[in-house]
Amino acid sequence: MNLNSTVYKRMPSRDLADDLDRGDDASAALVSVVDQNSGNPSWKLSLPHVCVATISSFLFGYHLGVVNEPLESISMDLGFAGNTLAEGFVVSMCLGGALIGCLFSGWISDGIGRRRAFQLTALPMILGAFLSASSRSLEGMLFGRFLVGTGMGLGPTVASLYVTEVSPPMVRGTYGSFIQIATCLGLIAALFIGIPVKEVVGWWRVCFWVSAVPAALLALCMEFCAESPHWLYKRGRIGEAEVEFERLLGGSHVKSAMAELSRSDRGDDSESIKYSELFYGRHFRVVFIGTMLFALQQLSGINAVFYFSSAVFRSAGVPSEIANVCVGFANLSGSIIAMLLMDKLGRKILLLGSFLGMAASMGLQVVATTLHHQDSWHVYLSVGGMLLFVLAFALGAGPVPGLLLPEIFPNKIRAKAMALCMSVHWSN
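Residues numbered from 1 in each chain as written. Predicted model: local features only at pLDDT ≥ 70, side-chain atom pairs only at ≥ 80, totals over all residues. Heavy atoms only, no water.

A few words on the overall build of the protein. Helix and strand counts for the protein stand at 20 helices and zero strands. Within the protein, counting contacts between residues at least 6 apart in sequence, those at least 24 apart form 82% of the total. When the accessible surface of the protein is split by element, carbon and sulfur atoms take 66% of a total near 18,200 Å². (Helix = DSSP H or I, 4+ residues; strand = E, 2+ residues; numbered from the N terminus. Contact = heavy atoms within 4.5 Å. Areas by Shrake-Rupley, 256 points an atom, 1.4 Å probe, with all protein chains shown as cover.)

So, in structure tokens, the structure goes:
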């Protein structure tokens, strides 16, 4: 195929793919022949691109936890110490910005592509970090947190789309778990960087300055990463999609990947859909399932653990530094186990086991509450139940929805449907 004649030509993808897709039987035969001759594509080619994309997830985790330990110092320096409403705004303003960013993520990732969307994600995170770090008032801090939040809302949606679309099928679950692992590492990094905040005056500003570094790294490195072949194909840029598949999978797998993409795209017209179309018709059922998964994920109460774990553990008599590190490593351990099991056990089993584990941990919390006035063991049960809750969450409820939904959504609605479903994540 002549690359120069197809790169910028915009036509319905079904017409452009006629030479690749002459029917279900022909496509299936082509995939079978190529796979027999060359085996599975190498995971090593796509790994660097996935690792760069997960920087956005690292930033997501970092900003979730960055105010956990320093919140008291921030309130004292900016003059709202003891004002619980203002402290709540410092935490929740980020969530408000994330909701806005998430709602627009579908349009952005479909309009300018996945790579440029990542770079756009980094911009408000850099500006917001600078404003937060240099703030001298509550208003400045709130505005900085809002800007950071818009990047946080855009990043997870684009990361889920990108990782699913550039990963070889046999490691897609493993790579999808990288998103959750990166989020855990971001949370742990925020906790460790926040440790000196009580001893060093103004250290909380350093906590915000540091976050600008990975954001700038994301914007720079993404310039050298592959664009999503799915997005290029959807835009009618077939030649470019082939080039990117060659970068990601190897030259011997380009024809089979394009044939599979053509088959999955059959039946979808080239016109983009409106958000309103996701609420009725043939797409409603799968979108409803997606929104419910994210709603259940957030209604589990995991955000309360991440945002206020320091205060909870202090009230139980456990040093917050130790407790926060334990929470971070419980989250990371569960994510690593999920990575190892995702492609072996499947998404459904991990999801069911995760919610059952969280239910069991809540049972421990109930027992701890019952023993509160009877036995000192209630502290250990309470802390153990919380750590078990985090571990169970990381096994399935955390990573599975963001990985499963891009796999089940048709290419035509994928970006907007993901944006709609993940907006539930921020509205709970």
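In this structure, Phe118, Met152, Leu218, Val287 and Phe409 are the most contacted members of the largest nonpolar core, which totals 74 residues. Of all the elements, helix 8 (residues 138-166) adds the most residues to this core, at nine residues. Ignoring anything within four residues of it in the chain, the contact list for Phe118 reads Ala53, Ser56, Gly155, Val158, Ala159, Tyr162, Leu218 and Met222. Judged by nonpolar contacts, the second largest core, of 20 residues, contains Tyr62, Ala86, Val91 and Ala189. (Core = buried A, V, L, I, M, F, W, Y, C linked by side-chain atoms within 4.5 Å. Buried < 20%, exposed > 50% of the residue type's maximum accessible area, 1.4 Å probe, protein only.)

Another aspect to go through is the UniProt feature "transmembrane region" (unreviewed entry) in the protein. Mapped onto this numbering, the UniProt entry annotates "transmembrane region" (unreviewed entry) at residues 45-65, 85-105, 142-163, 175-197, 286-310, 322-342, 349-368 and 380-405. For the annotated span residues 45-65, helix accounts for 86% and strand for 0% of the residues, and the straight-line distance between the end C-alpha atoms is 32 Å. Structurally, residues 142-163 comprises 100% helix and 0% strand, and the distance from its first C-alpha atom to its last is 32 Å. (UniProt positions renumbered as here; feature names shortened; annotations may be inferred.)

So, about the side chain of Arg237. Examined against the element boundaries, Arg237 turns out to sit in the loop between helix 11 (229-234) and helix 12 (238-249). For Arg237, the side chain forms a polar contact with the side chain of Glu240, separated by 2.7 Å. (Polar contact = N/O pair within 3.5 Å; in protein donor to acceptor, adjacent residues only side chain to side chain.)

Turning our attention to helix 4 (residues 55-65). Counting buried positions along helix 4 yields ten of eleven residues, so the element is predominantly enclosed. All of the buried residues along helix 4 are Ile55, Ser56, Ser57, Leu59, Phe60, Gly61, Tyr62, His63, Leu64 and Gly65.

A word on the pattern of salt bridges. If you walk through the whole model with that rule in mind, you get ten salt bridges. Measuring nitrogen to oxygen at the nearest pair gives 2.7 Å for the salt bridge that ties Glu240 to Arg237. Comparing Glu240 with Arg237, the two get one shared label, buried. The closest approach of N and O atoms between Arg247 and Glu244, which form a salt bridge, is 3.4 Å. Taken together, the residues span about one helical turn, with Arg247 and Glu244 both in helix 12 at a distance of three residues. Overall, Glu244 belongs to the buried group, its relative accessible area being 12%. The network of salt bridges with shared partners includes Asp110, Arg114, Glu165, Lys234, Arg414 and Lys416. (Salt bridge = Lys/Arg side-chain N within 4 Å of Asp/Glu carboxyl O.)

On to the packing of helix 17 (residues 347-370) against helix 19 (residues 400-408). Interaxial distance between helix 17 and helix 19 falls to 11 Å at its minimum, and their mutual angle equals 150 degrees. By the angle between their directions, the pair helix 17 and helix 19 is classed as roughly antiparallel. As for the relative orientation of helix 17 and helix 19, their crossing is left-handed in sense. Contacts between helix 17 and helix 19 involve Arg347, Leu350 and Leu351 from the former and Val400, Pro401, Leu403, Leu404 and Glu407 from the latter. For the contact of helix 17 with helix 19, the per-class residue count stands at six nonpolar, no polar and two charged. (Axes fitted to C-alpha atoms, helices over the stretch in contact; angles between N-to-C directions. Parallel < 35°, antiparallel > 145°, perpendicular 65-115°, else oblique. Left-handed = near helix turned anticlockwise from the far one by under 90°. Nonpolar A, V, L, I, M, F, W, Y, C, P; charged D, E, K, R; others polar.)

Along the chain, Val171 turns up in the loop between helix 8 and helix 9 (172-193). When the C-alpha positions of Val171 and Ser42 are compared, they lie 9.7 Å apart, and in sequence the two are 129 residues distant. Sequence-distant contacts of Val171, that is, excluding residues within four places in its chain, are made with Trp43 and Asp343.

What follows deals with the confidence of the model for the protein. Per-residue pLDDT for the protein averages 81, and the proportion of residues at 70 or more is 83%. Segment residues 1-37 is flagged for pLDDT under 50; beyond a separation of four residues in sequence, or across chains, it makes 54 contacts in the model. (pLDDT = per-residue confidence, 0-100.)

Before going further, it helps to spend a moment on helix 12. With twelve residues, helix 12 should cover 16 Å at 1.5 Å per step; its first-to-last C-alpha distance of 16 Å lies within 8% of that length. Within helix 12, nine of the twelve residues are buried, leaving the element largely enclosed by the surrounding structure. Along helix 12, the residues classified as buried are Ile238, Gly239, Glu240, Ala241, Glu242, Glu244, Phe245, Leu248 and Leu249. Count one or two residues on from helix 12 and you reach Gly250, which has phi positive near 105 degrees. (Expected span 1.5 Å × (residues − 1).)

Our next topic: the packing of aromatic side chains. Aromatic rings in a pair are described by how distant their centres are and how their planes are angled relative to each other. Using the criterion set out here, one finds seven aromatic pairs in the structure. Residues Phe104 and Trp107 carry aromatic rings whose centres are separated by 5.7 Å and whose planes lie at 45 degrees to one another, so their mutual orientation is tilted. Remark: Trp107 and Phe104 occur in helix 6 (residues 84-112); sequence separation between them is three residues, near one turn of the helix. Residue Trp107 is classed as partly exposed on the basis of its relative accessible area, which comes to 46%. (Phe/Tyr/Trp six-rings, centres within 6.5 Å; stacked < 30°, edge-to-face > 60°.)

Among the surface-exposed residues, Phe279, Tyr280, Phe284, Phe288, Ile289, Met292 and Leu296 lie close enough to one another that they form a single nonpolar patch of about 690 Å² accessible area. Relative to the helices and strands, Phe284 is located in helix 14 (residues 284-299). (Patch = residues over 30% accessible without salt bridge, like charges linked within 9 Å, V, L, I, M, F, W, Y side chains within 5 Å.)

With respect to the helices and strands, Lys344 occurs in helix 16 (residues 320-345). Residues Lys344 and Gly173, spaced 171 residues apart in sequence, show a C-alpha to C-alpha distance of 9.0 Å.

Before going further, it helps to spend a moment on the environment of Ser132. Tracing the backbone shows Ser132 in helix 7 (residues 114-134). Considered as a pair, Ser132 and Cys207 are 75 residues apart in the sequence and their alpha carbons are 9.7 Å apart. Among all residues touching Ser132, those that are not within four sequence positions of it are Met141, Gly144, Arg145, Trp204, Arg205 and Phe208. Only 2.9 Å separates the side chain of Ser132 from the backbone oxygen of Gly128, close enough to count as a polar contact.

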